[in-house]
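# Chains, contacts and geometry: an overview
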Amino acid sequence: MDRLSPLDAAFLEIEDEDPSSSLAIASVAIAEGPAPAQEEFTAAVLARLAGIPRYHQKVRTVPFDLGPPVWVDDPEFDPAAHFGRVSLPAPHDRAALNELVALLMGERLERERPLWEFWVIEGLPDGRWAILSKVHHALADGLAATRLQTILFGTTPAAPEPAAEAPDPGGVNLLLDAAGKLLRTPWDQARLLLRQARHPNRLARRVSDVALGLASMASALLPASPSPLTGPLGRDRRYSTVSVPLAEVKAVARAFDVTVNDVLLAAVTGGLRELLLQRGETLAADSVRSLVPVSVRTGTDLDNEVSLLLPLLPVDLADPVQRLLRIHHRLGTLKAGTEAAAGALLTATAAREPFAPVAWAIRAAAHLPQRNIVTVTTNVRGPAEPLSALGRPIVEMYPYVPIALRVRIGVAMLSYAGQVTFGITSDADAVPETDVLVKGIEREIQSLRGAAR
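Heads up: these notes are all about the structure in this document.

Cut-offs used in this document
Residues numbered from 1 in each chain as written. Predicted model: local features only at pLDDT ≥ 70, side-chain atom pairs only at ≥ 80, totals over all residues. Heavy atoms only, no water. Axes fitted to C-alpha atoms, helices over the stretch in contact; angles between N-to-C directions. Helix = DSSP H or I, 4+ residues; strand = E, 2+ residues; numbered from the N terminus. Parallel < 35°, antiparallel > 145°, perpendicular 65-115°, else oblique. Left-handed = near helix turned anticlockwise from the far one by under 90°. Contact = heavy atoms within 4.5 Å. Nonpolar A, V, L, I, M, F, W, Y, C, P; charged D, E, K, R; others polar. Core = buried A, V, L, I, M, F, W, Y, C linked by side-chain atoms within 4.5 Å. Buried < 20%, exposed > 50% of the residue type's maximum accessible area, 1.4 Å probe, protein only. Salt bridge = Lys/Arg side-chain N within 4 Å of Asp/Glu carboxyl O. Phe/Tyr/Trp six-rings, centres within 6.5 Å; stacked < 30°, edge-to-face > 60°.

## Observations concerning the packing of helix 7 (residues 246–256) against helix 12 (residues 434–452)
When two helices pack together, you describe them by how their axes are tilted relative to each other and by the distance separating the axes. Between helix 7 and helix 12, the least distance of the axes is 9 Å, while the angle of their chain directions is 45°. When the interaxial angle is binned, helix 7 and helix 12 end up oblique. For the crossing formed where helix 7 meets helix 12, the hand is left-handed. Where helix 7 approaches helix 12, its residues Glu248, Val249, Ala251, Val252, Ala255 and Phe256 are matched on the opposing element by Ile445, Leu448, Arg449, Ala451 and Ala452. By residue class, the composition of the contact of helix 7 with helix 12 is nine nonpolar, no polar and two charged.

Take a look at the structure:
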């Protein structure tokens, strides 16, 4: 059976426990017109998705949480249910597009069918149109979703392969399979310990690394100073976008001997600083901790293969260069440590344990009033070469990241064809002023570029 990993399943569990969340990720690709007919667009996308099983499979849960959910074929798969088309309302500008994207992303994907949708959005300025590619986070992480964009809109589509069948085994068979796994688990763990005992030094290093990583993660999860960017979420979302030239970001990175990711995270930090200052907040050194996903991907399958870092963003520092250097130092320290490795090991260990306690722990955590993680900031390297949809050049591409668990604002960053685009998702009621963050990001890049010169 093709089981979901604990991390894949966690996104479903969180969505079930948090009625305000819709945990789908997306990209918004803006193409030059004219938009193709809906039938033509649907046929082209389905042809490119041939051979990717996830796009005709749905999630089947195991009774009583005795095992992780499994992917099974949808015998009633209806492609038309996954494609929508809408016209951009007046005044047909970028603000209207962002508002429409927020509305479409606020709707949850139906669990009774495969967890993805495509929307064609007509009526953009200059005769352009957009494609909203929406997929549940349980199906793919940001890097996997970006690879899908290359398959969908690249010049050389992947060769179709016959998809393996995954019929629904039924509740009884799922229960029997889960019970058998529960009985095998103690013996499997005993054999693993015996194998590890033959290499005591290796085992000791592994235990030491895990202990250090868990200790660093535990310290990072201590409550931060109170922030208006955490708290209960409403159902409505606000989505804002901005783009900056990748060449300018790289120039700053070279000038200060830091990474591109350091520069982008510094830009977000500067924007958050402006947002908090406008609200009259006191900027404490520990007031903004971000969850930064780190890819640990080794293959090309659709799933989630990420760990995390939990750096504090130095919103308390007034100088942009000092903020950049502080971020570089903090990320370097975390990467040199074992925090990311510990996070990956935790998810790997959870995959070997009985699923029910894992699911119960995730559900319980969804109700905890956490304020230690204030924002999510994720950066994905996108296609370097321009893509096209049915012969229409894709001129811009923006990412979308969902928010949940009392985190009121998230920022996704994506490089595409010489630009770095930012997609900012926020709780529309609690953090409506995302335009301040957008302008702050632009000013931070300009300030750093000026300092680099």
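## Structural notes on the nonpolar core
In this structure, Leu97, Phe118, Ile121 and Ile394 are the most contacted members of the largest nonpolar core, which totals 63 residues. Leave out the neighbours within four places in its chain, and leucine 97 touches Val28, Ile30, Leu88, Ile121, Leu124 and Ala130. Formed by 43 residues, the second largest nonpolar core is a distinct cluster that contains Leu265, Leu324, Met413 and Ile441.

## Focus on the pattern of salt bridges
Within the structure shown, the criterion is met by 12 salt bridges. Among the ionic pairs, arginine 85 bridges to glutamate 122, the shortest N-O distance being 3.1 Å. Residue arginine 85 is found in strand 4 (residues 83–87), and its partner glutamate 122 is found in strand 5 (residues 116–122); the two are separated by 37 residues along the sequence. Take arginine 85: its relative accessible area is 27%, and that puts it in the partly exposed class. The partly exposed category is assigned to glutamate 122, whose relative accessible area is 27%. Of the charged contacts, one joins lysine 134 and glutamate 117 as a salt bridge, the two residues approaching to 3.9 Å between their closest N and O atoms. Taken together, the residues span a long stretch of sequence, with lysine 134 in strand 6 (residues 129–136) and glutamate 117 in strand 5 at a distance of 17 residues. We note that lysine 134, like glutamate 117, is buried.

## What about the packing of aromatic side chains?
Applying the stated rule across the entire model yields nine aromatic pairs. On the basis of an interplanar angle of 15° and a centroid distance of 5.7 Å, the ring pair of phenylalanine 83 and phenylalanine 118 is categorised as stacked. In this pair, phenylalanine 83 is assigned in strand 4 and phenylalanine 118 in strand 5, connecting sequence segments 35 residues apart. Exposure class is identical for phenylalanine 83 and phenylalanine 118. Each is buried.

## Here's the deal with the packing of helix 8 (residues 260–278) against helix 12
The geometry of helix 8 relative to helix 12 is characterised by a closest axis approach of 7 Å and an angle of 130° between their N-to-C directions. Taken as axis vectors, helix 8 and helix 12 run oblique relative to one another. Crossing angle aside, the handedness with which helix 8 passes helix 12 is right-handed. Here helix 8 contributes Val263, Ala266, Ala267, Val268, Gly270, Gly271, Leu272, Glu274, Leu275 and Gln278 to the contact with helix 12, which in turn contributes Val436, Leu437, Gly440, Ile441, Arg443, Glu444, Ile445 and Leu448. Grouping the constituent residues of the contact of helix 8 with helix 12 by class yields 11 nonpolar, four polar and three charged.

Coordinates in, geometry out; function isn't part of it.
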